[in-house]
Amino acid sequence: MPQSVDKILDHAPLFREPEYKDMLARKAEFENMPPVEQVTQIADWTKSWDYREKNFARESLSVNPAKACQPLGAVFVASGFERTMSFVHGSQGCVAYYRSHLSRHFKEPSSAVSSSMTEDAAVFGGLNNMVDGLANTYNLYSPKMIAVSTTCMAEVIGDDLNAFIATAKEKESVPADFDVPFAHTPAFVGSHVTGYDNMLKGILDHFWKGKEAKANGSLNIIPGFDGFAVGNNRELKRILDVMGVDYTILSDVSDQFDTPSDGEFRMYDGGTPIEATKNAVNASATLSLQEYCTPKTLDYAASFGQKTKSLHYPIGVGGTDDLLSSISELTGKPVPEALELERGRLVDAMADSQSWLHGKTYAIYGDPDFVYGMARFVLETGGEPKHCLATNGSKAWEAQMQELFDSSPFGAGCKAWGGRDLWHMRSLLATEEVDLLIGNSYGKYLERDTKTPLIRLMFPIFDRHHHHRFPVWGYQGGLRVLVTILDKIFDCLDQDTMDPGVTDYSFDLTR
Amino acid sequence: MSLDEGTINDPTLPERLIAEVLEAYPDKSRKRRQKHLSVSTTPDAEEKADGALSECDVKSNVKSIPGVMTIRGCAYAGSKGVVWGPIKDMVHISHGPVGCGQYSWSQRRNYYIGNTGVDSFVTMQFTSDFQERDIVFGGDKKLEKIIDEIDELFPLAKGISIQSECPIGLIGDDIEAVSRKKKKETGKTIVPVRCEGFRGVSQSLGHHIANDAIRDWVFNQEGAEDKFETTAYDVNVIGDYNIGGDAWSSRILLEEIGLRVVGNWSGDATLAEMERAPKAKLNLIHCYRSMNYICRYMEEKYNIPWVEYNFFGPSQIAASLRKIAALFDETIQANAERVIAKYQPLVDAILAKYKPRLEGKTVMLYVGGLRPRHVVNAYDDLGMVITGTGYEFAHSDDYQRTGHYVREGTLIYDDVTGYELERFIEGMRPDLVGSGIKEKYPVQKMGIPFRQMHSWDYSGPYHGYDGFAIFARDMDLAINNPVWGLFKAPWKKEAA
């Protein structure tokens, strides 16, 4: 009998016990699975150049894409405002999915409501759902703002949010002056980064529309969709405080996705205050840390006379240099010595470890700005980001990546793949091997299939805990990224050299 | 039941909590919500004679109210996520925009043995990733192309199911026509499933639609395998999705009593196991809510009887083994007694170790369509007491069955809202809550131990005797972890 109370086996060891192995062998007789030889043959073929060519010839099927849909980005960005409840108009299952997805990554509550449209609403429209729904949300959850976005169902039938919200206010679902910004976020356009942009613009438009901006010297900063937002936003605020900048972070989710355990469930915590959001129209400039999360929002900010600029996820030395220079340029504040010291420490660490990093090859996938920032840092370490892939990356992004590769001798032979998915990545890794894979939890399947060690630095991370609580931005964040890469390299090397009397001649104590 | 009168300090508390939460709603919604909340009452004589402990009478299986934070999902989740997704040697296309397939990718822990991407496809996300042009011009041509691409790149896939997302039914695509055409061309099973998320009121209709799709597109297909030698002991296990290996720790017991499991639906299942099902002698149904439809159909069409069973906790396992064995001959019945006796020392050891640590602890549950009642006796076996339970997507027959599991005075909540659940938990202060990922972190922040009862919180299996050991250990580690004592800072403690 495999199970005993002294040592309770759960799934991983239990099913390797002889009783279960026998049982599974008996089950196989009923399965009609293909013969082993055929499976091996096809498995080998899926890793061949022939398969790669067929795989890249795909036109319609998407397999293991690395992107989500617009409303996820909308729910994420809305949660970074003071006491804001996301209200997603359309089918209710979608909202269950966004909440689960965010909770699984952050290991935190994620609150959002749905207008729960069903078949009758598909026929007659969802006006009643909006009217009743806003009243219920307002009464049950005491928000300061309700941010309305849409699922694809509501988009396909063409519900008009502006008119619906106006009607709901007429029917006193919420007070007439209650803040209900909205954005149409069709899932069949763009990805979660597009939804981030649309919802943020919707919120700003709600507060800024018709206002006369008076530039006051302050800076708006938009972090973009970021799984490391808890650590990153706090690091960003520290940097801005050290620089003495007057700033508003437009959508700061860092407290919302990091509430303490002290006996109280906080449905809302932190976030950009409503007042600050209103006043942000008077900022002199708006800086986006992720270009692809903010094209419409930046255009909108520019329409108020603000200077605008966008970066690509400020990781590493050059990425952080650009961040500090941009802040300095947009606010006139010099970069203080304290931050220069931090820069020196990061460079010092890179110099100490350079021999282990030089010439390492990488595959990187994720959101377009992350991939750019990450590849740039890899180049700085003497690494070669051979395969860079963003399912939600465009031709324009590919061109930017090529420019980046061309800027460094380590970029030779590197290629950016926009619009491709992780099944394409599998072919790349199988045919042109690299030393390390940087991505998210979905990458573990690539690690299993191609034995490429995976480093998790991108949303979503489901199977490792708490990484998002530490920053990857700034020089301090750069240190963490550096150590994460180095740990993986050293751990792999140790694993490779610990066979006693066989490989352990290289099991060096000091590396 | 181990519960004495003193365990519940205040028998009027559940009623008062219901009244309190209803206060918060606008009138219209209050009227609707109050029908879904109740306290279980004394069963009538007839029900009592039938073994009922209480009567759980709430309205169920109706639309959720907008804007209240329902915990429910949709028909797509019920079909792709629950019924079809675990069938391992088929490709399941999430047909529509990218999100549905992305968020449900690998999240139900349907364990399987296979070479993923080669002969098995469960933990992959296949999607048609609809773009605006697909909405405007329709997606049927794209779907045809997708099926061709799957056929080329995944030649060992035995079939394909098309899991419709919301837009499919709204833009008038004819996925049935595409399926028929492609089935002819490829010779493979192709199953269109009309599980658009706006259909029905929860996951439940998705289960039903998925069952109907098996009936219409898998059973009695031309060219399906028919050279199968049957025996008198052939059974199908229906409605075990092999979460964390549940179906395996169940199957081992059924084999031990001498039965031959010829199909497992749908955890670790293959298409062959689905096709062959009508040849079995008996259907054993675990998740009644999601698969009773196909059992009723097989009963009507092929004369295959079905019986509900419950492999959570030793009392129910023993009762179920006897109930199943009673439908076979004396050999099987003797085997069942032998198996029950064989595992008794393990059960005794588990209870000796964990019961003292868990006895009298109170539990509130909120899960899908089966577990809010099915796991109750597993807790009972450990001396724990269910003080509240409810379902996301049960029907009235589920609540009727619930009366056989929970005692009078239990708080019952159907399609509970985030607001209600938080208030109920805050008011009842149970020692443990069992629910889903969305509920986990709010509850833990309140300082109340929690276990995910959909995914087994990444543990499992929980079915069978081997699973009960893990279940007991997990409930203990959740409740008796020292972290719950660290919530209050020492200076706050002194002040209090």
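Note that this is a predicted model, so its numbers are computed, not measured.

Parameters and conventions
- Residues numbered from 1 in each chain as written.
- Chains lettered and ligands numbered in written order.
- Predicted model: local features only at pLDDT ≥ 70, side-chain atom pairs only at ≥ 80, totals over all residues.
- Heavy atoms only, no water.
- Helix = DSSP H or I, 4+ residues; strand = E, 2+ residues; numbered from the N terminus.
- Rg over C-alpha atoms; globule rule 2.2 N^0.38 Å.
- Buried < 20%, exposed > 50% of the residue type's maximum accessible area, 1.4 Å probe, protein only.
- Contact = heavy atoms within 4.5 Å.
- Lys, Arg positive; Asp, Glu negative; His and termini not counted.
- Charge placed at Lys NZ, Arg CZ, Asp CG, Glu CD.
- Areas by Shrake-Rupley, 256 points an atom, 1.4 Å probe, with all protein chains shown as cover.
- Salt bridge = Lys/Arg side-chain N within 4 Å of Asp/Glu carboxyl O.
- Pairing = 2+ DSSP bridges.
- Axes fitted to C-alpha atoms, helices over the stretch in contact; angles between N-to-C directions.
- Core = buried A, V, L, I, M, F, W, Y, C linked by side-chain atoms within 4.5 Å.
- Phe/Tyr/Trp six-rings, centres within 6.5 Å; stacked < 30°, edge-to-face > 60°.
- Buried area = accessible area lost by both parts, 1.4 Å probe.
- Polar contact = N/O pair within 3.5 Å; in protein donor to acceptor, adjacent residues only side chain to side chain.
- Arc of directions from axis to C-beta.
- Expected span 1.5 Å × (residues − 1).
- Parallel < 35°, antiparallel > 145°, perpendicular 65-115°, else oblique.
- Left-handed = near helix turned anticlockwise from the far one by under 90°.
- pLDDT = per-residue confidence, 0-100.

> Residue-level account of the overall build of chain A, with values.
Within chain A, the regular secondary structure consists of 21 helices and 13 strands. A globule of 511 residues ought to have a C-alpha radius of gyration of about 24 Å, and chain A, at 25 Å, matches this closely. Taken over the C-alpha atoms alone, chain A extends approximately 75 × 65 × 55 Å along its principal axes. With 511 residues in all, chain A has 62% of them scored as buried. For chain A, the proportion of contacts with a sequence separation of at least 24, taken over those separated by at least 6, is 72%. Between the centroid of the 48 positive side chains of chain A and the centroid of its 69 negative side chains there is a distance of 1 Å.

> Can you lay out the overall build of chain B for me, pointing to particular residues and giving the numbers?
A count of helical and extended segments in chain B gives 22 helices and 14 strands. Taken over C-alpha atoms, the radius of gyration comes to 23 Å for chain B, in line with the 23 Å a tight globule of 496 residues would show. In terms of principal-axis extent, the alpha carbons of chain B reach across some 75 × 60 × 45 Å. Within chain B, the proportion of its 496 residues that are buried is 67%. Of the roughly 16600 Å² of accessible surface on chain B, a fraction of 50% belongs to carbon and sulfur atoms.

> Please set out the pattern of salt bridges residue by residue, giving values where relevant.
Counted by the stated rule, this structure contains 67 salt bridges over all chains. Through salt bridges with shared partners, a single ionic network connects Lys27 and Glu31 of chain A together with Lys88, Asp268 and Glu273 of chain B.

> Account for the pairing of strand S2 (residues 90–95) of chain B, with residues named and values stated.
Residues and elements named next belong to chain B. Judged by how many residues are buried, S2 sits mostly within the fold: six of six residues are covered. Of the two faces of S2, the one holding Met90, His92 and Ser94 and the one holding Val91, Ile93 and His95 are both buried throughout. Here S2 runs beside strand S4 (residues 159–164); their pairing, made up of six bridges, is parallel. Directly across from serine 94, in S4, lies its bridge partner glutamine 163. Examined bridge by bridge, S2 and strand S3 (residues 126–127) share two bridges and lie parallel to one another.

> Could you give me a rundown of the sheet that holds strand S13 (residues 454–456) of chain A, with the residues and numbers involved?
All names here are of chain A. Taken in spatial order, the five strands of this open sheet run S11-S10-S9-S12-S13, and their pairing is parallel. Taken across any chain shown, the strands that pair with only one partner, and hence form the sheet edges, are strand S11 (415–418) and S13. Strand-to-strand, the axes of this sheet are offset by a mean angle of 15°, without reference to chain direction. When strand S9 (residues 361–365) meets strand S10 (residues 384–390), the two strands line up parallel, connected through five bridges. In the sheet register, tyrosine 365 faces S10, and the bridge partner there is leucine 389. The sheet contacts of helix H18 (residues 395–406) involve S10 and S11, and relative to S11 the element is tilted by about 170°.

> Let's hear about the nonpolar core: which residues, and what values?
Ranked by size, the top nonpolar core spans 247 residues in total, and within it Met374 of chain A together with Trp84, Phe154 and Tyr379 of chain B carry the most contacts. In this structure methionine 374 of chain A touches Ile315, Ile364, Ile438, Leu457, Val481 and Ile485 of chain A, once residues within four positions along its chain are discounted. Ala168 of chain A together with Leu17, Ile65 and Phe424 of chain B belong to the second-largest nonpolar core, a separate cluster that totals 48 residues.

> Just give me the short version of the sheet that holds strand S10 (residues 362–365) of chain B, but keep the residues and values in it.
All names here are of chain B. In spatial order, the strands read S1-S12-S11-S10-S13-S14; together these six strands make up an open sheet with mixed pairing. For this open sheet the edge positions go to strand S1 (37–39) and strand S14 (450–452), each flanked by a neighbour on one side alone. Across this sheet, the average inter-strand angle for adjacent strands is 25°, counted without regard to direction. Docked against the sheet, helix H1 (residues 13–23) engages S1 and strand S12 (411–413), running at close to 165° with respect to S1. Strand contacts of helix H21 (residues 464–479): strand S13 (432–435) and S14, with the helix running at about 140° to S14, the strand carrying the most contacts.

> Just give me the short version of the packing of aromatic side chains, but keep the residues and values in it.
Any pair of aromatic rings gets described here by the distance separating the centres and the angle formed by the planes. Residue and element names in this part refer to chain B. Under the definition given, this model contains 47 aromatic pairs over all chains. Between phenylalanine 219 and tryptophan 265, the ring centres sit 6.0 Å apart and the planes meet at 45°, which makes this aromatic pair tilted. Of this pair, phenylalanine 219 sits in the loop between helix H10 (203–217) and strand S6 (234–240) while tryptophan 265 is found in strand S7 (residues 260–266), placing the two residues 46 residues apart along the sequence. In terms of burial, phenylalanine 219 and tryptophan 265 fall into one category: buried.

> Account for the side chain of glutamate 108 of chain A, naming residues and giving values.
Topologically, glutamate 108 of chain A is positioned in the loop between helix H6 (92–106) and strand S3 (112–114). Among the residues examined, glutamate 108 of chain A registers a relative accessible area of 2% and is labelled buried. If sequence neighbours within four positions are ignored, glutamate 108 of chain A has contacts with Ser103, Gln256, Phe257, Asp258, Thr259 and Arg469 of chain A together with Tyr441 and Lys445 of chain B.

> Tell me about the interface of chain A and chain B, and please be specific about residues and values.
The partner chain B presents 118 residues to the 101 residues of chain A that form the contact. Of the roughly 9400 Å² buried between chain A and chain B, counting both surfaces, carbon and sulfur atoms make up 63%. One can count eleven salt bridges joining chain A with chain B. Here lysine 27 of chain A and glutamate 273 of chain B are joined by a salt bridge, their closest N and O atoms 2.9 Å apart. The interface formed by chain A and chain B contains 45 residue pairs in polar contact (both at pLDDT 80 or more). Sort the elements by how many residues they give to the side of chain A that touches chain B and H6 of chain A lands first, with ten residues.

> Summarise helix H2 (residues 18–28) of chain A; cite the residues concerned and give the values.
The complete set of buried residues in H2 of chain A reads Tyr20, Met23, Leu24 and Lys27 of chain A. Buried residues along H2 of chain A cover an arc of 100° about the axis, so they all sit on one side. Residues of H2 of chain A that are buried in the fold lie against helix H1 (11–14) of chain A together with helix H11 (246–256), helix H12 (271–276) and H21 of chain B.

> Describe helix H16 (residues 337–357) of chain A, with residues and values.
All names here are of chain A. Compared with an ideal rise of 1.5 Å per residue, which puts 21 residues at 30 Å, H16 spans 28 Å between its outermost C-alpha atoms and is within 8% of the ideal. Buried residues along H16 sit in contact with helix H12 (229–243), helix H15 (316–331), S9, helix H17 (368–380) and helix H21 (474–496). Within two residues after H16, glycine 359 carries a phi angle of roughly 80°, on the positive side.

> Can you break down the packing of helix H5 (residues 70–78) of chain A against H6 of chain A residue by residue, with the values?
Residue and element names in this part refer to chain A. The contact between H5 and H6 brings their axes to 10 Å, and the two run at 60°. Put simply, H5 runs oblique to H6. As for how H5 packs across H6, the hand of that crossing is right-handed. Taking contact as the criterion, the partners of Pro71, Leu72, Val75 and Phe76 in H5 are, on H6, Tyr98, His101, Leu102 and Phe106.

> Which residues make up the environment of valine 434 of chain A, and what are the values?
Residues and elements named next belong to chain A. Mapped onto the secondary structure, valine 434 falls in the loop between helix H19 (422–431) and strand S12 (436–439). By relative accessible area, which is 9% here, valine 434 ends up buried. With residues up to four places along the chain from it excluded, the contact list for valine 434 reads Thr361, Tyr362, Ala363, Lys386, His387, Leu429 and Thr452.

> Describe the confidence of the model for chain B, with residues and values.
Residue and element names in this part refer to chain B. Per-residue pLDDT for chain B has a mean of 96; in total, 97% of the residues score no lower than 70. Low confidence marks residues 1–7, where pLDDT is under 50. Its contacts with residues over four positions away, or in another chain, come to ten contacts. For this predicted complex, the interface confidence reaches an ipTM of 0.98, while the overall pTM sits at 0.98.

> Run through the side chain of arginine 426 of chain A, naming residues and quoting values.
Residues and elements named next belong to chain A. One can find arginine 426 in helix H19. The class of arginine 426 is buried, set by a relative accessible area of 4%. Not counting residues up to four positions away in its chain, the partners in contact with arginine 426 are Thr46, Lys47, Leu446, Asp449 and Thr450.

> Residue-level account of unusual backbone geometry, with values.
The bulk of non-glycine residues show a negative phi, and the bulk of peptide bonds are trans. Residue and element names in this part refer to chain B. Cis geometry marks the peptide bond from tryptophan 265 to serine 266; its omega dihedral reads -10°. In this structure, serine 266 sits in strand S7. In this structure, the amide linkage connecting glycine 460 to the following residue, proline 461, adopts the cis form with an omega of 0°. Along the chain, the position of proline 461 falls in the loop between S14 and H21. For arginine 429, which is not a glycine, the phi torsion comes out positive at approximately 45°. Within the secondary structure layout, arginine 429 lies in the loop between helix H19 (418–428) and S13.

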